[in-house]
Amino acid sequence: MERRDVIIATTESIPGYRVKRVIGLVSGSVVRARHIGRDILATLRNIAGGEIKEYTELLAQARNEALKRMVEKAREVGANAVIGVRFATTAVASGAAEILAYGTAVVVEPE
């Protein structure tokens, strides 16, 4: 996956590129709270069973924002790629969760 000029990879290497320099850990996070309207719909879906689409969409938006913030930090430190990207989720408070994206910022060049 690429975000403009920064390559993002969950793997430790990128085919066709070699790591020229390791810069270090970069991360991006976002804390999102549930929305009362979504909670009502989610409760109804929970009773009936099946996917709770409102929460799926909320978490997808949070993951995208966390990735965006991680990429911004990678750019700030001079990286053109982030390898070993992972996500973590933590409950911060009742009804609020943090989504964290992190990886190793590197400078890569084509082989």
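Attention shifts here to the environment of Val31. The residue Val31 is located in strand S3 (residues 17-33) in this model. Taking the C-alpha atoms as reference, Val31 lies 9.9 Å from Ala93; in sequence the two are 62 residues apart. In contact with Val31, other than residues within four places in its own chain, are Val92, Ala96, Ala97 and Glu98.

Counting all residues, the mean pLDDT for the protein chain is 85, and 80% of those residues have values of 70 or more. Mean pLDDT across the elements of the protein chain ranges from a minimum in strand S1 (residues 2-3), with 48, to a maximum in strand S2 (residues 6-8), with 96.

Per the stated rule, a full pass over the model turns up 4 salt bridges. The salt bridge involving Glu109 is made with Arg18; its shortest N-O contact spans 2.4 Å. Of the two residues, Glu109 sits in strand S5 (residues 96-110) while Arg18 sits in strand S3, which places them 91 residues apart along the sequence. The class of Glu109 is partly exposed, set by a relative accessible area of 23%. On the basis of relative accessibility, which here comes to 42%, the residue Arg18 falls in the partly exposed class. Between Arg69 and Glu65 there is a salt bridge, with its nearest N and O atoms 2.9 Å apart. Separated by 4 residues within a single helix, Arg69 and Glu65 lie in helix H2 (residues 53-76), roughly one turn from each other. Taking relative accessible area as the criterion, Arg69 reaches 33% and is therefore assigned partly exposed. A relative accessible area of 22% means that Glu65 is categorised as partly exposed.

Conventions and cut-offs
- Residues numbered from 1 in each chain as written.
- Predicted model: local features only at pLDDT ≥ 70, side-chain atom pairs only at ≥ 80, totals over all residues.
- Heavy atoms only, no water.
- Helix = DSSP H or I, 4+ residues; strand = E, 2+ residues; numbered from the N terminus.
- Contact = heavy atoms within 4.5 Å.
- pLDDT = per-residue confidence, 0-100.
- Salt bridge = Lys/Arg side-chain N within 4 Å of Asp/Glu carboxyl O.
- Buried < 20%, exposed > 50% of the residue type's maximum accessible area, 1.4 Å probe, protein only.

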